[in-house]
Amino acid sequence: MHVVSCGGWSSDAYWAARVCRELERAGHDATLVCRRGTEARVISRARSLGVERIETLSLRTGLRPAADARDLRAVLEWLPGADVVHVHRSKEHWLAAIANRVSPTRRPLVRTRHIVQPIRPHALNRWLYRHATDLVVTVSEAIRRQCIAAGLVPQDRVVALPGGADGERFRPGKDGAALGRELGLPVGKPPAGVPPAGVPIVGLLSGFRVMKGHSVVVEAARSLAASGRAFHLLFAGQGPFEPAIRDSVARAGLGDRATFLGFVDDPARAVGALDIALYPSLESDGMSRVLFEYLAAGRAVIASRVGVAAEVLKDGESALLVPGGDAPELARALDRLLGDPALRRRLGESAAALAHERLTGARLTARLIDHYRRLAPAS
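Residues numbered from 1 in each chain as written. Predicted model: local features only at pLDDT ≥ 70, side-chain atom pairs only at ≥ 80, totals over all residues. Heavy atoms only, no water.

Draft legend 1. Just the overall build of the chain, in detail. Assigned secondary structure in the chain consists of 15 helices and 13 strands. For 379 residues, the compact-globule estimate of 2.2 N^0.38 gives 21 Å, and the chain sits close to it at 22 Å. Principal-axis analysis of the C-alpha atoms places the extent of the chain at approximately 70 × 40 × 35 Å. Looking at the chain as a whole, 53% of its 379 residues qualify as buried. (Helix = DSSP H or I, 4+ residues; strand = E, 2+ residues; numbered from the N terminus. Rg over C-alpha atoms; globule rule 2.2 N^0.38 Å. Buried < 20%, exposed > 50% of the residue type's maximum accessible area, 1.4 Å probe, protein only.)

In structure tokens form, the structure reads like this:
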């Protein structure tokens, strides 16, 4: 039973849904418990991934005595039918821990830490992590080290499991030209503002937030355009920073070299249209799902040397790595890849091999199942 209290389709919600789907594919019964009222934002997205068993709880933010009591009763009813309870945020962590405390049928409790945010080592958290939690899973090695450094989790009870791309949807070999046409990037002689045939597509799929590095991409693209390099920028996503980036693109004179797709229903299609995929985050991005999707799709990737990217990628082998926030270095890496199609192919092949060997949701879940079996050997 996975419990996730997200109000929107965050990386936490995706990770929980992806794992539930992969558990079902592996022949296990998996129930995803979501926050009530998130049918459009979370539950429908989980169903689109193929998750079949979904329940809801109130999971209201903060201390809500009446709603929390109802949720606790529901969890107590569900516990006997579960082998493992896996939680993703603080609300459900405490709910499951208290249910285990008062239930005659205690179940192993697993917590995933998705974010780079230190755990406060106060007395309540010491009980929650040290005594009530059987295993902590982190989405990067840096978060794992952070948990250990806090002194709340013994080293042998915290494990890093990076990855989570849908290995069925994100695969190499897709027809990028055809996908480009579907996305409004036609071949042949294009109208003004549309890239000509054969121009490499450089793309970033991400919500428009400052930490995602869109402004660094625009600055790097401005210098490349001034040098005469041919390319076209593709931005997919939404967010509060989008108007500022659109303005930056216009002021940099890149209006005829950029397309903004907005929200995309099928990110695999957009990723498949890219010749070069960018992960320019300014700081650690927790799970970094889009990075794993780029890799699984066999794209040539340029990534900031931050967070999980620095942990799983080797510069010059599976990607090109640059310092986060360094526009000149990003421009140099882009210039190198734009001028070397053979290197793009080699990096893409290496990226796909790495992802499908280690970083898909299926691979991650297989390792997670091993941990579940150690916690609940009779299941």
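Draft legend 2. Structural detail: the nonpolar core. Ranked by size, the top nonpolar core spans 64 residues in total, and within it Tyr 294, Ile 302 and Leu 313 carry the most contacts. If one sorts the elements of this core by residue count, helix 13 (residues 327–338) sits on top with seven residues. Residue contacts for Tyr 294: discarding those within four places in its chain leaves Gly 203, Leu 204, Leu 205, Val 271, Leu 274, Ala 277, Leu 278, Tyr 279, Arg 299 and Val 301. Listed in part, the 59 residues of the second largest apolar core include Cys 20, Leu 32, Val 33 and Leu 364. (Core = buried A, V, L, I, M, F, W, Y, C linked by side-chain atoms within 4.5 Å. Contact = heavy atoms within 4.5 Å.)

Draft legend 3. Spotlight on the environment of Gly 262. For Gly 262, the position within the fold is in strand 10 (residues 258–262). With relative accessibility at 16%, the residue Gly 262 sits in the buried group. Separated by 57 residues in the primary sequence, Gly 262 and Leu 205 have C-alpha atoms spaced 9.6 Å apart. Apart from the residues within four sequence positions on either side, Gly 262 is in contact with Phe 235, Ala 236, Gly 237 and Gln 238.

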